[in-house]
Amino acid sequence: MRYIAVLLQVVFIGLVAAQCPHNSGTSLNNLGVSGDYTVPAGQYLYDVTGTNNDLDSITVPSGSGLIFDNANMNLNINFIKVENGGKITMGSGTGGCQITNNIVITFEGAYDDSNPGPLGLDPFDMVNLGAKGLAVLSG
């Protein structure tokens, strides 16, 4: 009976881990991308800070997602743009998937006051989004 209880516990832990957002998707670290990167339609990417990447920006279009691993990471990037219908995820409040490590995102790059800036305009109200930061579009 003790073996059955241990087996059930292992299966339960495996099911909980599978539900965590950062246990699904494709590792961006393995793609070796650089410059301005757009997540392919319908894909979810994680592990954005690997040594194989030299990113300037990440754009998450509708139907795609960017998932941050539960790992200590430092991401230096100009901007992350999440378009209407795209998703950005850092952990989950359920299933033991809380983020317990440090995630540091530093938005860097030259000042740019052009209109529209590299991030473009928010289609909802046509506000200039600028050149650096995290933009989650509403329109």
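Residues numbered from 1 in each chain as written. Predicted model: local features only at pLDDT ≥ 70, side-chain atom pairs only at ≥ 80, totals over all residues. Heavy atoms only, no water.

**Student:** I tried to follow the overall build of the chain on my own but got confused; where do I start?
**Tutor:** From N to C terminus, the chain includes one helix and ten strands. In the chain, the order of α-helices and β-strands from amino to carboxyl end is α-β-β-β-β-β-β-β-β-β-β. Going through the 139 residues of the chain one by one, you find that 35% of them count as buried. For the chain, the share of sequence-separated contacts (at least 6 apart) that also reach a separation of at least 24 residues comes to 39%. Working note: accessible area of the chain is about 8,100 Å², and carbon and sulfur atoms make up 53% of it. (Helix = DSSP H or I, 4+ residues; strand = E, 2+ residues; numbered from the N terminus. Buried < 20%, exposed > 50% of the residue type's maximum accessible area, 1.4 Å probe, protein only. Contact = heavy atoms within 4.5 Å. Areas by Shrake-Rupley, 256 points an atom, 1.4 Å probe, with all protein chains shown as cover.)

**Student:** Before we go on, may I ask you to explain unusual backbone geometry in this structure?
**Tutor:** Residues apart from glycine generally show negative phi values, whereas peptide bonds are mostly found in trans. Cis geometry marks the peptide bond from Asn115 to Pro116, where omega comes out at 5°. If you trace the backbone, Pro116 turns up in the loop between strand 9 (103–107) and strand 10 (133–136). One non-glycine residue, Met126, lies in positive phi territory at about 60°. For Met126, the position within the fold is in the loop between strand 9 and strand 10.

**Student:** Teacher, can you tell me more about the environment of Leu45 here?
**Tutor:** As for its position among the elements, Leu45 is in strand 3 (residues 44–46). In this structure Leu45 comes out as buried when scored by relative accessible area, which is 0%. Distance from Leu45 to Ile67, taken between C-alpha atoms, is 5.9 Å for residues 22 residues apart in sequence.

**Student:** Quick question: what am I supposed to make of the side chain of Asp122 here?
**Tutor:** Looking at the element boundaries, Asp122 is found in the loop between strand 9 and strand 10. It is Lys81 that comes nearest to the buried, bridge-free Asp122 among opposite-charge side chains, at 9.5 Å. Only 3.1 Å separates the side chain of Asp122 from the side chain of Ser138, close enough to count as a polar contact. (Lys, Arg positive; Asp, Glu negative; His and termini not counted. Salt bridge = Lys/Arg side-chain N within 4 Å of Asp/Glu carboxyl O. Polar contact = N/O pair within 3.5 Å; in protein donor to acceptor, adjacent residues only side chain to side chain.)

**Student:** Is there a simple way to explain the sheet that holds strand 2 (residues 34–38) in this structure?
**Tutor:** Backbone-to-backbone hydrogen bonds join strands into a sheet, with any given pair of strands oriented parallel or antiparallel. Strand order across the open sheet formed by four strands is 2-4-7-10, with parallel pairing between neighbours. Among the strands making up the open sheet, the edge pair consists of strand 2 and strand 10. Each strand of the sheet is rotated relative to its neighbour by a mean of 10°, with strand direction disregarded. By the bridge criterion, five bridges tie strand 2 to strand 4 (residues 54–60) in an arrangement that is parallel. Note on strand 4: the bridge partner recorded for Ser34 is Asp54. (Pairing = 2+ DSSP bridges. Axes fitted to C-alpha atoms, helices over the stretch in contact; angles between N-to-C directions.)

**Student:** So what exactly am I meant to see when it comes to the nonpolar core here?
**Tutor:** Ile58 and Ile80 are the most contacted members of the largest nonpolar core, which has 14 residues in total. Among the elements of the structure, strand 4, strand 5 (65–68), strand 6 (73–77) and strand 7 (79–82) are those that each provide at least two residues to this core. Residues contacting Ile80, with those up to four places away along its chain left out, are Ile58, Leu66, Phe68, Leu75, Ile88, Ile105, Phe107, Gly133, Leu134 and Ala135. (Core = buried A, V, L, I, M, F, W, Y, C linked by side-chain atoms within 4.5 Å.)

Note that all results are geometric; they support no functional claim without further evidence.
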